[in-house]
Amino acid sequence: HHMQEQKYGNWSFLPERYVLDSSAFKAEKTNSMWIMTLDLQAIVHSWSSDKKVMLVDFLLKRQEGNPKKLLLEVLYRMVCTPGSLSPLSRLFTALNAVCYERELFLARKRSQDTTDCKGSLGQDDIWRGYQVVTKDEMLDHVFQKALGSGRSGAFILPYVLEYVRTVTKSFLKISDRLNSFLVKLLLDDKRFFELHQFLQYHVLLDSKTFAMKLISLESKYEPGYQLGLDMLYRLGLFPDMMRVLIKRKQVMQALQLVTHHSVVFQEEGLRPHDFLQRSLDGGLSTTFFTAFRFFQARNQALRGSPVFLPEDRCDKFVRIFERNFRRQPETSVQLRLDEDFLSSPPPKAPATSPQEVSPTNATTSPAQEEGTGRVDERARELDNDVMTIIAMVRILALLDRGALEIVVATAFVVQLHV
């Protein structure tokens, strides 16, 4: 009010925003200095609605009067108002360009081992005269605010997708919170194909929570299970992978992830008795046999003995193994796998006496000798194959009858061939 009473003719403008009034206090022979400021709130309200892009660009270059709050408010209103994505896409690109330049400067400073990178930047919200709007600020003050104001997830999703596209195009990584928000919107709207694409091109960030969410989607989206397992593998979370696998009774796949010396078997839910119990629940004797032998080999490697300790709580499984796989001798006789049969060498053809050799065949040509050598070499190879199969029969003698009969039949065929 006092300023309006002055005589404007006595004002002098000084750079950058000062006004010198030489007539205000002439009686005291002093001058008056004024500072000009912008009323950003009034400018925002008076700005034309069809020129929001210019308004955002104007607010980006302001440093006083809380421009970031007004900037986010304008973006929120643009998101809530149905319209074309093109203007917002240009604004998102401009915001991300400022963030990229700032992060690039910080990366260069860190590469030079600068002790105080942040001090040379000035204020955190301003970078070279531009407002810095982070991804979490966009999430809190624009997207989540729009979702909380009554807008549906399907309505907000295109704007979030466009923002994420501009973020990746600007060589930036999306934040964990924005990642989770986008995943939630995609799942709620059943946009599984887009979710799969984002995972395939590594737009979305890997996390344990995200992986478990994908695994739980198997009933709605079958590839989600494998996508979740792949994510756990990329994160190196093998214990979590093993828990998922043994829960589905895939004991052998779980054991293939680690070695005998792994400390993962000390964790809760991954003890030897957990694997053995799951292998029994699966109903396959071969799975139980292989798992039992795996942990016996582990005991041998760690303790020098295959015997389980009392704290392993495997007494029940030892009894089951002894009852089902430690067969009696008469069982081997029934399967024609007694010791005499396994240890006896293959029958040999009787040697031809010298008297039976015809005089005309006493001498052989070099070609005949070479052919005879090839036949003898092939016979030796077949003998080796037979001995290998017999050794396999001995190893498989502890397995079920079906596998044993197949191997014995194979051995018999090879012997006939010989």
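See the structure printed just above.
Residues numbered from 1 in each chain as written. Predicted model: local features only at pLDDT ≥ 70, side-chain atom pairs only at ≥ 80, totals over all residues. Heavy atoms only, no water.

J.: I tried to follow the pattern of salt bridges on my own but got confused; where do I start?
T.: Here the idea is simple: oppositely charged side chains can pair when their charged atoms come close. Using the criterion set out here, one finds 16 salt bridges in the structure. For the salt bridge of Glu137 with Lys68, the shortest nitrogen-to-oxygen distance reads 3.2 Å. Taken together, the residues Glu137 in helix α5 (residues 135–148) and Lys68 in helix α3 (residues 67–80) connect sequence positions 69 residues apart. Here Asp240 makes a salt bridge to Lys208, at a shortest N to O gap of 3.2 Å. On the criterion of sequence distance, the pair formed by Asp240 in helix α11 (residues 238–247) and Lys208 in helix α9 (residues 208–216) is long-range, its members being 32 residues apart. For Asp240, a relative accessible area of 12% translates into the label buried. Connected through salt bridges with shared partners, the residues Glu73, Arg77 and Lys145 form a single ionic network. (Salt bridge = Lys/Arg side-chain N within 4 Å of Asp/Glu carboxyl O. Helix = DSSP H or I, 4+ residues; strand = E, 2+ residues; numbered from the N terminus. Buried < 20%, exposed > 50% of the residue type's maximum accessible area, 1.4 Å probe, protein only.)

J.: Honestly, the packing of aromatic side chains in this entry has me stumped. Any pointers?
T.: How two aromatic rings sit relative to each other is set out by the distance from centre to centre and by the angle between their planes. Applying the stated criterion across every chain, the model contains 21 aromatic pairs. Consider the rings of Phe92 and Tyr163, whose centres lie 5.2 Å apart with planes at 80°: the pair is edge-to-face. Taken together, the positions of Phe92 in helix α4 (residues 86–111) and Tyr163 in helix α6 (residues 153–169) put the pair 71 residues apart, joining distant regions of the chain. Judged by relative accessible area, which is 0%, Tyr163 ranks as buried. In this structure an aromatic cluster arises from ring pairing among Phe288, Phe289, Phe292, Phe308, Phe321 and Phe325. Just above the ring of Tyr76 sits the side chain of Lys145; from NZ or CZ to the centre is 4.5 Å. Sitting over the face of the ring of Tyr225, Arg248 holds its NZ or CZ atom 3.9 Å from the ring centroid. (Phe/Tyr/Trp six-rings, centres within 6.5 Å; stacked < 30°, edge-to-face > 60°. Lys NZ or Arg CZ within 6 Å of the ring centre and 35° of its normal.)

J.: Even after reading the chapter, I still don't get helix α15 (residues 315–325), so can you show me in this structure?
T.: The periodicity of an α-helix, 3.6 residues per turn, causes residues three or four places apart in sequence to face the same way. Among the residues of α15, Phe317, Ile320, Phe321 and Phe325 are the ones counted as buried. Angular distribution of buried residues about the axis of α15 spans 100°; they occupy a single face of the element. In α15, the exposed residues that point more than 90 degrees away from the buried face are Arg319 and Arg323. For α15, the elements touching its buried residues are α13 (272–282) and α14 (285–303). (Arc of directions from axis to C-beta. Contact = heavy atoms within 4.5 Å.)

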